[in-house]
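Analysis of the macromolecular model
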Amino acid sequence: MDRVSSFDEPLKKLLGGATAKVMAEHLDLHTVGDLLHHYPRRYEERGQLTALSDLPLDEHVTVVAQVADARIMVFNNGRGKRLEVTLTDGSGRLQLVFFGHGVHKPHKELLPGRRAMFAGKVSVFNRKMQLAHPTYQLLDATDADEATEAVDAFAGRLLPIYPACKQLDSWRIAKAVDAVLPSAQDAVDPLPPSLREGRGFAPLPEALLKIHRPQTRADIADARDRLKWDEAFVLQVALARRRYADTQLPAVARRSVPDGLLDAFDAKLPFTLTEGQEKVSGEIFDDLATEHPMHRLLQGEVGSGKTMVALRAMLGVVDAGGQAAMLAPTEVLAQQHHRSITEMMGELAEGGMIGGSELGTKVVLLTGSMGVPARRQALLDLVTGEAGIVIGTHALIEDKVRFHDLGLVVVDEQHRFGVEQRDALRSKGKQPPHLLVMTATPIPRTVAMTVFGDLETSVLDQLPAGRSPIASHVVPAKDKPHFLSRAWERVREEVENGHQAYVVCPRIGDDADEAAEKKGKKGKGTKGQAPDEDAEKRPPLAVLEIAEELRRGALAGLRVEVLHGRMHPDDKDDVMRRFSEGQVDVLVATTVIEVGVNVPNATAMVIMDADRFGVSQLHQLRGRVGRGSAPGLCLLVSEAHEASPARARLSAVAATLDGFELSRIDLEQRREGDVLGQAQSGVRSSLRVLSVIDDEEVIAAAREEAVAVVAADPALEHLPELLTALDALLDKEREEYLDKG
């Protein structure tokens, strides 16, 4: 068998069809290589018991514990039987329960004093943690072959506990690993020999052996260090090759022209740019002046002035003879951007019109719901070059849309767009246009290097002068209902002082919503965060219901309006315009207002069922207030009980306005897959020991090494093993993903 093919061997050849089918369907493991890279989650030591006191609810767990007592309970006048077994480990107790015919075998085997491995899903019954009908394997019996085998495996001292599923326990996975472990010798080592020796890493076959069957804790540490490097390095090589390929693409250099549109715009600004805006603008203009496409990520705090930086870049491109397109994720935001950009530009946005500036250009809006005549005119303005700037939703991507000379694409809130959409827009240039990606969700450095590793990063972390502080508080509506009454009083006070307020709800609340509810889409715990247990018992609060309640009750007499995604676009635009002009006191909305909506007079926000939202989403929403000279107030209303993770999350949001700090908290509370899953299709399944949270140094060092390797040998001709590892890691779908990134 050659070195590569043993890893590609289908599992059913070695393990039999039934086991292989479960592994494929439930664990996404198909080949010998997949199983060898399915590493233990943790290890149990002989004599060291799992802490039963720390078991997570609703998760499939494997525990090693001792039977304290076992008793058969009879119910239903003797017709029903159940076996209750109590386990102990010194830290806590756990109850097992078996019913019906399933009680006989465990009743004979699970005698007090016996030790065993148990696997099942943790639930609560009568306020006690329990596993119902767990599978188990005895560890200290000697009367059965299987038990003897278990003792032998356990005698290795460190017992690997694998990520498992209901259909396949950890110890069955361990047996399957034993069957394929000899193939570890055939592992193709992706690290260049000089790098491996320079950093003193064990060879890959040895690392695989040590991670699956360690003799000591030091073996585990050695193996993890080595395997982390493989993951970080191979991924960074893929990204470095992507960046290298981009530098080989041709693009039209868009150099700034003095005394043009940009200078005229700067001259009429009523304020000076922050130091951060100046610095980031400099980086962008340097990129635009090169003859290969810019690929830059601009991340900045809510309200740090990203739109201003992007607009100046667009004006610079128009000065240089090109056109610029800004892609926004929603119609509300596209309209908002169009309105604020035309206001900021004034007569400079009226090119070719009576009263417009000679230096001016046309700024057009293009969305899916526009009327036919307006749409036809916008398309004409783009193809003739009359419009230097277009702002739109994904309607910009449609085949009918043609540009005269597309020079720059700005993507706002990049995580809302599929890569295909971004790519389709980029393909509209005669040559690849420059690309500026913006996000107001602060991204920790390691995630930026991993998820957006093909983009250069600029950070705006300074707020413009004149922005006001925002006070944030958690309102425990269930424990202290009078706090909620006070919240509505505060909203009324803000309105009486001439200001406006938002009330945000997780749901719209009409027939379509109810249908979704019935399908089980309860709540919108976003980005990997489950809604809180308490709140789950009822549907999330809805815009239409809350607006009606407020009009009749706490906010009677105020002008209360609604805004949500299913309204007709003209109605949405009308409500937003009237809110912006101060004709609406309180806007009850869904998260359509999350990004980019800018009404400086809005000073208060009440977020209902705040525990239904993710940390970064709450931070985004809060950024809609305090945008003027008056201080902002954000009230996070929750029915979650005080000790719950949901309340801890809300307290963290209330405690800091630092988005980067919150993004770290967010990361710590979510699994890695959620972090990488949305942005980097496919890569999530390749990160098995590498943590984008904890391994910043490894990722940074791997990036440096990867850049050097790719600079010296872009095609990796002299590193065939690395190329093989890349092919394995980046299957076709992932490779395409990076190509488009």
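What counts as what
Residues numbered from 1 in each chain as written. Predicted model: local features only at pLDDT ≥ 70, side-chain atom pairs only at ≥ 80, totals over all residues. Heavy atoms only, no water. Helix = DSSP H or I, 4+ residues; strand = E, 2+ residues; numbered from the N terminus. Buried < 20%, exposed > 50% of the residue type's maximum accessible area, 1.4 Å probe, protein only. Contact = heavy atoms within 4.5 Å. Areas by Shrake-Rupley, 256 points an atom, 1.4 Å probe, with all protein chains shown as cover. Lys, Arg positive; Asp, Glu negative; His and termini not counted. Salt bridge = Lys/Arg side-chain N within 4 Å of Asp/Glu carboxyl O. Pairing = 2+ DSSP bridges. Axes fitted to C-alpha atoms, helices over the stretch in contact; angles between N-to-C directions. Expected span 1.5 Å × (residues − 1). Core = buried A, V, L, I, M, F, W, Y, C linked by side-chain atoms within 4.5 Å. Parallel < 35°, antiparallel > 145°, perpendicular 65-115°, else oblique. Left-handed = near helix turned anticlockwise from the far one by under 90°. Phe/Tyr/Trp six-rings, centres within 6.5 Å; stacked < 30°, edge-to-face > 60°. Nonpolar A, V, L, I, M, F, W, Y, C, P; charged D, E, K, R; others polar. pLDDT = per-residue confidence, 0-100.

Looking only at helices and strands, one finds 29 helices and 21 strands in the protein. Residues counted as buried form 55% of the 741 residues belonging to the protein. Of the contacts formed within the protein by residues at least 6 apart in sequence, a portion of 74% connects residues at least 24 apart. Accessible surface computed for the protein: about 32200 Å², of which carbon and sulfur atoms make up 51%.

For Glu331, the location among the structural elements is in helix 14 (residues 331-345). With no salt bridge to any partner, buried Glu331 finds its closest opposite charge in Lys572, at an N-O distance of 5.1 Å. With residues near it in sequence (within four places) discarded, Glu331 still touches Thr367, Gly368, Ser369, Thr393 and Pro569.

The strand order across the open sheet built from seven strands is 11-12-10-13-14-9-15, with neighbouring strands paired in parallel fashion. Only two strands of the sheet have a single partner each, and these edge strands are strand 11 (362-366) and strand 15 (456-460). Neighbouring strand axes in the sheet, compared pairwise and without regard to direction, differ in orientation by 20 degrees on average. Where strand 9 (residues 295-300) and strand 14 (residues 434-439) come together, five bridges link them in parallel fashion.

In a regular helix each residue adds 1.5 Å, so twelve residues correspond to 16 Å; helix 22 (residues 569-580) covers 16 Å between its end C-alpha atoms and thus fits that length. Along helix 22, the residues that are buried comprise Pro569, Lys572, Val575, Met576, Arg578 and Phe579. One or two steps after helix 22, the chain reaches Gly582, where phi turns positive at roughly 85 degrees.

Turning our attention to helix 9 (residues 204-212). The buried count for helix 9 comes to seven of nine residues, which makes it a mostly enclosed element. For helix 9, the full list of buried residues reads Leu204, Pro205, Ala207, Leu208, Lys210, Ile211 and His212.

This brings us to the pattern of salt bridges. Under the counting rule described, the total for this entry stands at 37 salt bridges. Between Lys21 and Glu25 there is a salt bridge; the shortest N-O distance is 3.6 Å. Of the two residues, Lys21 and Glu25 are both situated in helix 3 (residues 17-27); the distance of four residues between them amounts to about one turn of the helix. Each member of the pair, Lys21 together with Glu25, is exposed. Two residues, Asp230 and Arg226, come together in a salt bridge whose shortest N-O distance is 2.8 Å. Taken together, the positions of Asp230 and Arg226, both in helix 10 (residues 217-248) and four residues apart, correspond to about one turn of that helix. Given the relative accessible area of 9%, Asp230 is considered buried. Here Arg226 falls in the buried class, since its relative accessible area comes to 0%. What emerges from the salt-bridge pattern is a single network uniting Arg486, Glu489, Arg490, Glu493 and Glu494.

What follows concerns the nonpolar core. Formed by 57 residues in total, the largest nonpolar core has its most connected members in Tyr502, Val586, Val588, Ile593 and Ile607. Sequence-distant contacts of Val586, that is, excluding residues within four places in its chain, are made with Val491, Val495, Ala501, Val503, Leu555, Leu558, Arg559, Val560 and Glu561. Listed in part, the 38 residues of the second largest apolar core include Phe285, Leu298, Ala324 and Leu436.

So, about the sheet that holds strand 21 (residues 632-638). Read from one edge of the open sheet, six strands run 16-21-20-17-19-18, paired in parallel fashion. Where the open sheet ends on each side, the last strands, each with one partner, are strand 16 (470-476) and strand 18 (560-563). Geometrically, the sheet is characterised by an average inter-axis angle of 20 degrees between neighbouring strands, direction not taken into account. Pairing geometry for strand 20 (residues 602-607) and strand 21, over four bridges, is parallel. Within strand 21, the position partnered with Ile607 by the bridge is Leu636. This element, helix 21 (residues 543-552), spans strand 17 (500-504), strand 18 and strand 19 (586-589) of the sheet and lies at about 175 degrees to strand 18. In the packing of helix 22 onto the sheet, contacts are made with strand 17, strand 18, strand 19 and strand 20, and the angle to strand 18 comes to roughly 135 degrees.

At their nearest, the axes of helix 13 (residues 306-319) and helix 14 sit 12 Å apart, and the two run at 65 degrees to each other. Judged on the interaxial angle alone, helix 14 and helix 13 are roughly perpendicular. At the point where helix 13 passes helix 14, the crossing takes the right-handed sense. Across from Thr307, Met308, Leu311, Met314 and Leu315 in helix 13, the residues of helix 14 making contact are His337, Ile341, Met344 and Met345.

The tally for this structure, following the rule as stated, stands at five aromatic pairs. Ring geometry for Phe118 against Tyr136: centres 6.1 Å apart, planes inclined by 35 degrees, an arrangement best described as tilted. Residue Phe118 is located in strand 5 (residues 115-125), and its partner Tyr136 is located in strand 7 (residues 135-138); the two are separated by 18 residues in the primary sequence. On the basis of relative accessible area, Phe118 is assigned to the buried category, the value being 0%. Taking the relative accessible area as the measure of exposure, Tyr136 reaches 17% and is therefore buried.

So, on to the packing of helix 9 against helix 10. At a minimum axis separation of 8 Å, helix 9 and helix 10 run at an interaxial angle of 125 degrees. Comparing their axes, helix 10 and helix 9 come out oblique. With respect to the hand of their crossing, helix 9 and helix 10 are arranged in left-handed fashion. Note on element contacts: helix 10 touches helix 9 through Asp219, Asp222, Ala223, Arg224, Arg226, Leu227 and Asp230, opposite Leu204, Ala207, Leu208, Lys210 and Ile211. When the residues that make up the contact of helix 9 with helix 10 are grouped by side-chain class, the tally is six nonpolar, no polar and six charged.

Turning our attention to the environment of Gly509. Looking at the element boundaries, Gly509 is found in the loop between strand 17 and helix 19 (511-518). Overall, Gly509 belongs to the buried group, its relative accessible area being 13%.

Residues shown with low pLDDT carry predicted positions that ought not to be read at fine detail. Summarising the model, the protein shows a mean pLDDT of 81, and 82% of its residues fall at 70 or more. pLDDT under 50 marks residues 517-536. Its contacts with residues more than four places away, or in other chains, come to 50 contacts. Within the model, the stretch residues 671-685 combines pLDDT values under 50 with 35 contacts to residues more than four positions away or in other chains.

With respect to the element layout, His337 can be found in helix 14. The class of His337 is buried, set by a relative accessible area of 3%. Ignoring sequence-local partners within four residues, the contact set of His337 consists of Thr307, Met326, Ala328, Ile391 and Asp412.

For the rest of this paragraph, the subject is unusual backbone geometry. Phi angles above zero are rare outside glycine, and Asp28 is one such case at about 60 degrees. You can see Asp28 is positioned in the loop between helix 3 and helix 4 (32-36). Classification of Asp28 as partly exposed rests on a relative accessible area of 47%. Look at Asp259: it is not a glycine, yet its phi comes out positive at around 60 degrees. Assignment of secondary structure puts Asp259 in the loop between helix 10 and helix 11 (261-268). Residue classification places Asp259 among the exposed positions, given a relative accessible area of 65%.

Attention now goes to the environment of Val653. Tracing the backbone through its elements, the reader meets Val653 in helix 24 (residues 645-655). Other than its neighbours up to four places away in sequence, Val653 contacts Val615, Leu618, Arg622, Leu636 and Leu662.

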